[in-house]
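# Observations on the three-dimensional arrangement
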Amino acid sequence: MIQVDALPGPFEFEPAHTALVMIDMQRDFIEPGGFGAALGNDVSLLAPVVPAAAELVALCRAIGVLVVHTQECHRPDLSDCPPAKRLRGKPSLRIGDPGPMGRILIEGEPGAGFVPELMPQPGDVVIAKPGKGAFYGTRLAEVLQDQQITRLIFGGVTTEVCVQTTMREANDRGYECLLVEEATGSYFPQFKAATLAMIRAQGGIVGWTASLRAVRAALDFARSGESLSFALPNESNQSKGA
Ligand code: C5J
């Protein structure tokens, strides 16, 4: 069992029963010319999330945690995009419109793809989702059940929209959830801070939050324990050798 120094208290997980859910690290949200920018947001605010999220993925992959990448996108005919979603607000480009990175939030278009640092690797799971929550209209629940996953670690963008929605969906489904602070971000820093506070309030009403440093330290500690048990023969080995 790995224990992370988290809030409101320690978060424990076994890698074999844990998945990292990395939410929507797509060019359309993180780079200029995409959906986030079309909504009038300063996308440069999300740049620091990229290296932190990439490190979290690498740390989790190294200890055998299943890595799941979600991708908010729609079919080219927009049949899975409710008009309410497409028509709301006054973005300079709507979902499905052609933009500098192809059609906005449409599957297979460059903008809907992942930023290079967060490209899925063999063995990872990719979940395309039409909504904000990653359980809605997807096979995520079945994937997690098949793999006997009980705990989820979260990162990705944006904190108060797709990350929080998915974490709440997961919480209602009985998953213990940890959100890693530096690996998530928002166009609105105050919304990120409020989301982190809401998640861990009331004894962890939605789940836990922890710094990336705390996750790194917990994994380093777990690895040092492994090398120690490898280096020190246990009693039965000693007696065999005697
Ligand atoms: C948004 C997301 N913000 N991935 N999507 O529309 O959070």
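Above: the structure in question.
Before going into details, it helps to say that this report is about the structure given with it. Bear in mind the structure is a predicted one, so any value in this text is a computation, not a measurement.

## A closer look at the environment of alanine 193
Here alanine 193 shows up in helix H7 (residues 189-204). Between the C-alpha atom of alanine 193 and that of glutamate 160, which follows or precedes it by 33 residues, the distance is 9.2 Å.

## Overview of the side chain of aspartate 80
Mapped onto the fold, aspartate 80 is located in the loop between strand S4 (66-72) and helix H4 (83-87). For aspartate 80, the contacting residues outside a window of four places in its chain are Cys73, His74, Arg75 and Pro130.

## Describing the pattern of salt bridges
Taken as a whole, this structure holds 11 salt bridges when the rule is applied. Notably, a salt bridge pairs arginine 223 with aspartate 220, separated by 2.9 Å at the nearest N-O pair. Of the two residues, arginine 223 and aspartate 220 both sit in helix H8 (residues 212-231), three residues apart, roughly one turn of that helix.

## With respect to the side chain of threonine 184
Checked against the element boundaries, threonine 184 lands in strand S9 (residues 176-185). Note on threonine 184: relative accessible area 0%, which makes it buried. Only 2.9 Å separates the side chain of threonine 184 from the side chain of threonine 159, close enough to count as a polar contact. Beyond its immediate chain neighbours, meaning those up to four positions away, threonine 184 contacts Val49, Gly156, Thr159, Val163, Leu179 and Lys192.

## Looking at the sheet that holds strand S7 (residues 125-129)
Strand order in the open sheet formed by six strands is S7-S4-S3-S8-S9-S10, and the pairing between neighbours is parallel. The open sheet is flanked by S7 and strand S10 (208-210), the only strands paired with a single partner. When the angles between neighbouring strand axes are averaged without regard to direction, this sheet yields 25 degrees. Contacts from helix H3 (residues 49-62) reach strand S3 (18-23), S4, strand S8 (151-157) and S9, with the element oriented near 140 degrees to S9. Those strands touched by helix H6 (residues 159-172) are S3, S4, S7, S8, S9 and S10, and its axis lies near 170 degrees from that of S9.

## Re the nonpolar core
Ranked by size, the top nonpolar core spans 47 residues in total, and within it Phe13, Leu20, Met25, Leu56, Ile153 and Leu178 carry the most contacts. Per-element accounting of this core gives the leading share, eight residues, to H3. When residues no more than four places from it in sequence are discounted, the contact partners of leucine 56 are Leu20, Met22, Ile153, Phe154, Val180, Ala183, Leu212 and Val215. With 26 residues, the next largest nonpolar core counts Ile23, Ile127, Ala170 and Leu196 among its residues.

Rules of the game
Every chain begins its residue count from 1, and numbering advances along the sequence as written. pLDDT decides what is reported in this predicted model: residues at 70 or higher carry local features, side-chain atom pairs at 80 or more are listed and counted, and totals for whole chains, interfaces and linings draw on all residues regardless. Side-chain calculation: all heavy atoms of the structure are included, whereas hydrogens and water are not. Comment: elements are numbered from the N terminus, with helices defined as DSSP H or I runs of at least four residues and strands as E runs of at least two. In what follows, a contact means two residues having at least one pair of non-hydrogen atoms within 4.5 Å. Counted as salt bridges are all cases of a side-chain nitrogen of Lys or Arg within 4 Å of a carboxyl oxygen of Asp or Glu. A simple rule labels every residue: compare its accessible area, found with a 1.4 Å probe on the protein chains alone, to the largest value its type can have, and call it buried under 20%, exposed over 50%, or partly exposed in between. Contacts described as polar in this section are N or O atom pairs within 3.5 Å, which, within protein, must combine one atom able to donate a hydrogen with one able to accept it, while residues neighboring in sequence count only if both atoms come from side chains. Pairing between strands is defined by DSSP: at least two bridges between them are needed. In this analysis an axis means a line fitted to C-alpha atoms, helices contributing only their contacting stretch, and an angle means the value between N-to-C directions, from 0 to 180 degrees. To form a nonpolar core, buried Ala, Val, Leu, Ile, Met, Phe, Trp, Tyr and Cys residues must be joined to one another through side-chain atoms within 4.5 Å.

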